[in-house]
Amino acid sequence: MTEPGSPGALPHLAVIGAGPAGLAATLAAAAQGVHVTLLDAAAEAGGQFYRQPASALRARRPRALHHEWRTWERLRDGLRAHVRAGTVRHLSDHHVWFVERHENGLTVHALLGPEQEEPAEVRADAVLLATGGYEKVLPFPGWTLPGVVSAGGAQAMLKGGLVVSGRTAVVAGTGPLLLPVATGLAAAGMEVAALVESAGPRAFLRRTRTLAAQPGKIAEGARYAARLARHRVPTLVGHTVVEAHGAERGAAGGAAGGTEPGTERGIERGTEPGTERGIERGTERLEAVTVAALDAEGRVRAGTERRIPCDTLAVGHGMLPHTDLADTLGCRLEGPHVRVDDEQRTDVPGVWAAGETTGIGGSDLSLAEGHIAGRSVAARLHGSAPDPRAWARAARTRTRLRAFFAALDSVYAPPAHWSEQVTDDTVVCRCEEVTGGAIRQAVTELGAGDLRTVKLLTRAGMGWCQGRVCSPAVAGLAGCEPTPVRRPFARPVPLGVLARAGEREEED
Amino acid sequence: MVGAACALYATRAGLEVAVVDRGPVAGGTTGGGEGNLLVSDKGPGPELDLALLSGRLWSELAEEFGGSVEYEAKGGVVVATSPGGLAALERFADEQRAAGVVTEPVEADRLYDLEPHLAPGLPGAVHYPQDCQVMPALAAAHLIRASGARLLTGQTVTDVLRTPDGAVRGVRTDQGDIHAPAVVNAAGTWGSELAALAGVALPVLPRRGFVLVTEPLPRMVRHKVYAADYVADVASDSAALQTSPVVEGTAAGPILIGASRERVGFDRTFSLPVVRALASGATRLFPFLADVRATRAYLGFRPYLPDHLPAIGPDPRVPGLHHACGHEGAGIGLATGTGQLIAQALTARTPDLDLTPFRPDRFTEEAA
Amino acid sequence: MSSPMDLAGARPGPSFTVTLDGREIEALPGQTVAAALWAAGVVSWRSTRGEGRPRGVFCGIGVCFDCLVTVNDRPNRRACLVPLNPGDAIRTQEGTGHDD
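An unreviewed UniProt entry annotates chain C as Proline dehydrogenase originating from Streptomyces resistomycificus.

Structure follows, in structure tokens:
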């Protein structure tokens, strides 16, 4: 058990997640006399948006991978100053799997380091959930091929590991993330053969007024457009990827230096010249995608298909919030998000939430929400009601950006009939390899009409990722609501750790 | 599950059946269970007789449905954790054997042939080859589908319709009336609510249980393995939390870990102390599990009646009303026998078992 | 042609050797298993337990568990999260990653 400060000292806030929301909250609360423990799974603060290259890579120009760098510097320097002053403890490599509520406080249960085998527990008076989001990807034939990655995944590998997975990429799907991914990959030396956005120009026109009310965002869009032009990235709006094609690697891509044939399975040997081939299966990787135009209803327009050779497809269809910790704590969800009040409080006492977990809206909204949450926590833990005037500017930003992203959300929607592309033999649940056909059969023949029953009858969503990836697709195919899936453990936890979790708490 | 089995056997007895559920198929306790078809945890008596009948019927259904319901005749191994415990377990097994259960005492040195990954130093066990498993949600869905019964999910029964002289004539739902001369209450843990709609009391109450699920593994646990204390917990009347490790592999790969029992109403709050106790018990029985990851946990509410026996058969207080609920943690296993007995009662045939111990009105008499 | 390393002005320390199924590959300090494998031109290192299909990175942030791999005899590590150390033995993983 890790205890905060000295007994009877400052009130203690545990912030979960060191992205924009968590950092803003940490700084705001610490500035108001709260001791903050900031827990984050990554080795460096920043979250997904400000994901930093591993420090050992010694990148001198990490800002080349980012925008709004000055904001990051402010957050980073603020965090450093507080850590030096002892007002903030930054626990990196802490993977939080559960938050437990007691009569007077909360315990955050984490697993340590990349191994995630040893436990760490942090006791706090309040918890702020700034767990962020992850990318939604809807299935299509071939989406499980090596070389197909989520757009955010391509970006994370680029920002954090300074690597790309091939030479030629197609960036596809829908949403504002595709632009920075395409320009990022191009700047990093990949040929981006196409940016394929399913939203059509008409959708943007319908929302012009709301979007035009955001001059900053328009300028941002213009900057991306200029960068796409500079890198000569062809952009196809109103288009979608209908299929990804794999190929067995030929002799040129064969294996080299393997020890024995049996060990070759499952390996893509990459570009080295080789003598022997891998085994029958498993040497496959992406070699092309077929894209097609969409009609006004969001159906693929027959005859418009064309094949684009590529070895990487970065694909995404918007963002989903991480709400597992909140849901298990009993926080009320609203749709897929955690419901919060004007102070960013959830309906569970002592638990605040900010950032993507309360609604997808990008880094500026996360910063505003985090700031408000931090101020609110500080006031409440000092026993007073906060004065909203203290965060009036952040509140205005919050209102403006929530409206903007609501509008954006209606522009960037996956094709209305995306599920028609999912053939019966397309794998939908990647973990348990449940096909579109099996899901349809559960609905039409076995009487499933909701996400949970489909899961029980097909195992879709029962694997390692617990349906984080496939749930929206399964719901879409089954024609039911994408109701939030209950996941008591936010990450897999060794039974040996679970067998001892919180024991000391009860002895106290 | 019980409703699905009733539908199957009733249609096969020539009746026309509609299955009404306010939720989806397997949306209640069925979807929150492990799918145990056990004789090992039952002492001689009516429940064991029902379990033996049900086991025979399940093995017949397995011929028909086999893999689609993940039926596995894997057998159970009940492990003693102390020499005294072993003696008590063996005495219990002797009584079961006299009642028709196949029991095979396992010496300490042979135990590890059956289950190589068990903790060292255990004194012995009893092997129950008749213990089986199915995937309960699949079983319910496939039985209903095979029955040809009309399936009305998402439809809530709001009243039981009765004739002026009090006999059942159907049910009212939020989507219209369904007329039938007989109504079977297979509402599981919510069976008391349905009984109340028909104007009778049936004290079915929830007993909460958690199940832990691990990452997928090769077959490292071959049987259903549990500690002998489990039998005492099943029969216990305590409201407090009880946990005894029950560990089993599944056809799909993950290991399932039970079993906890608490009377906390329909509280769906996740409980770390309960799940911790499950993990602790399981890792004591199978030390290798300490490094295995739990990916999720789920809970269900076992429907129990005060004497731990289900209510099966016609309700003398309301002509046409039949009950098939209150099977506690054994509803999947006992479903087939229950379905058969209900079908026999509905068609006025002699039941395979004496229904007296399962009479739905037995608690009213006690109260009076 | 630019590279991600050039773009970010990276000056990593000297590379070291790790093995993939016994074959030596070079890795840089700070690289995750996934980053080093990508840099070596390897994009899949696991075959699924049902159909034996190849998989590698998908989400890149530890959510999807598609990039599971065995590192130093520990199965089911997420390649996108685990940093490499000199001498690490990466093994491609089949099925559950556990021996029968």
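So much for the structure itself; the text now carries on.
Undergrad: Looking at this model, I keep getting lost on the sheet that holds strand β3 (residues 46-47) of chain C. Mind explaining?
TA: Within a sheet, each strand pairs with its neighbour through backbone hydrogen bonds, oriented either parallel or antiparallel. Residue and element names in this part refer to chain C. Taken in spatial order, the three strands make up an open sheet running β4-β3-β8, and their pairing is mixed. Both outer strands of the open sheet, β4 (54-55) and β8 (93-94), are each paired with one neighbouring strand and no more. Two strands pair when backbone bridges link them, and β3 and β4 are joined in this way by two bridges, in the antiparallel orientation. Among the inter-strand pairings, S47 is bridged to a residue of β4, identified as P54.

Undergrad: Got a minute to help me understand the packing of helix α1 (residues 2-12) of chain B against helix α5 (residues 136-147) of chain B in this structure?
TA: Packed helices, taken two at a time, are described by the angle their axes make and the gap between the axes. All names here are of chain B. Across the interface, α1 lies against α5 with an axial gap of 8 Å and an inter-helix angle of 25°. Here α1 is positioned roughly parallel relative to α5, judged by the angle of their axes. Along this stretch, α1 crosses α5, giving a crossing that reads as left-handed. Where α1 abuts α5, its residues A4, A5, A7, L8 and T11 lie against A140, L143, I144, A146 and S147. The residue makeup of the contact of α1 with α5, split by class, is eight nonpolar, two polar and no charged.

Undergrad: Would you mind showing me how to read the interface of chain C and chain A here?
TA: You'll often see interface size given as the accessible area lost when the parts meet. In this assembly, 55 residues from chain C lie in contact with 59 residues from chain A. Considering each element in turn, the side of chain C that touches chain A owes the most residues, four residues, to helix α2 (residues 33-39) of chain C.

Undergrad: Looking at this structure, how should I read the domain arrangement of chain B?
TA: Residues and elements named next belong to chain B. Under the domain assignment used here, chain B contains domain 1 (2-68 + 135-202 + 307-367) and domain 2 (76-81 + 109-119 + 205-304). Between domain 1 and domain 2, the residue contacts involve 17 residues of the former and 20 residues of the latter. By residue class, the composition of the side of domain 1 that touches domain 2 is two nonpolar, twelve polar and three charged.

Undergrad: Could you clarify how one ought to interpret the sheet that holds strand β9 (residues 168-173) of chain B in this entry?
TA: Residues and elements named next belong to chain B. With respect to topology, three strands assemble into an open sheet ordered β8-β9-β10, the strand pairing being antiparallel. Looking along the sheet, the strands with just one partner apiece sit at the ends: β8 (157-162) and β10 (176-179). Looking at each pair of strands side by side, their axes are set apart by 25° on average, direction ignored. In the sheet, β8 pairs with β9 via five bridges, with the strands oriented antiparallel. The residue bridging V160 from the neighbouring strand is V171, located in β9.

Rules used throughout
- Residues numbered from 1 in each chain as written.
- Chains lettered and ligands numbered in written order.
- Predicted model: local features only at pLDDT ≥ 70, side-chain atom pairs only at ≥ 80, totals over all residues.
- Pairing = 2+ DSSP bridges.
- Helix = DSSP H or I, 4+ residues; strand = E, 2+ residues; numbered from the N terminus.
- Axes fitted to C-alpha atoms, helices over the stretch in contact; angles between N-to-C directions.
- Parallel < 35°, antiparallel > 145°, perpendicular 65-115°, else oblique.
- Left-handed = near helix turned anticlockwise from the far one by under 90°.
- Contact = placed C-beta atoms within 7 Å.
- Nonpolar A, V, L, I, M, F, W, Y, C, P; charged D, E, K, R; others polar.
- Domains from an automatic or database assignment.

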